[in-house]
Amino acid sequence: MAETLKLEIVTPDGPVYSQDVEMVTLPGVTGEFGVYPQHVPLITEMIPGEITVRKDGRDTFFATGAGLIEVTGTGVAILTDLAVQADKIDEAKAEEARRRAEARLKEKLSDEEVAHINASLARSLAQLRVKRRSRP
């Protein structure tokens, strides 16, 4: 049995990550799920959230947008509109981008939809802060 699987994350700007990894945890439409080598084949939708990559016994985190996931027994391919390694996120820039997006969304969405999106973004930023603090 293989001990690693090939993880590839691709955005419209090109490849973001391509490595052999021990495990990956993904935000799927029915909840978060983990993939190990020899996983059953699967194609599913990914929701915005966080990808956790386990390589050499260490976890790396990516903030991610919506996308598609293809899982085979030997690999995981992710096509997404956004993938940024968590330790490369500038929180001040992210907060400013959130404010700009909120302003644009208010023009097109109802107040309830804007509130839901803001809550989701706030949770994502909070989770990243907690994970950064809890790293050894």
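The coordinates are above.
Let me sum up the structure you'll find in this document. Source: prediction; values computed, not measured.

Attention now goes to the environment of Val-35. With respect to the helices and strands, Val-35 occurs in strand S4 (residues 31–35). Residue Val-35 is classed as buried on the basis of its relative accessible area, which comes to 0%. Taking the C-alpha atoms as reference, Val-35 lies 8.8 Å from Glu-22; in sequence the two are 13 residues apart. The contact partners of Val-35, leaving out residues within four places of it in the chain, are Leu-5, Met-23, Val-24, Leu-26, Val-71 and Val-76.

Let us now look at the side chain of Thr-11. As for its placement among the helices and strands, Thr-11 is situated in strand S1 (residues 5–11). Excluding its chain neighbours within four sequence positions, the residues that come into contact with Thr-11 are Val-16, Thr-80, Leu-82 and Ala-83.

Thresholds applied
Residues numbered from 1 in each chain as written. Predicted model: local features only at pLDDT ≥ 70, side-chain atom pairs only at ≥ 80, totals over all residues. Heavy atoms only, no water. Helix = DSSP H or I, 4+ residues; strand = E, 2+ residues; numbered from the N terminus. Buried < 20%, exposed > 50% of the residue type's maximum accessible area, 1.4 Å probe, protein only. Contact = heavy atoms within 4.5 Å.

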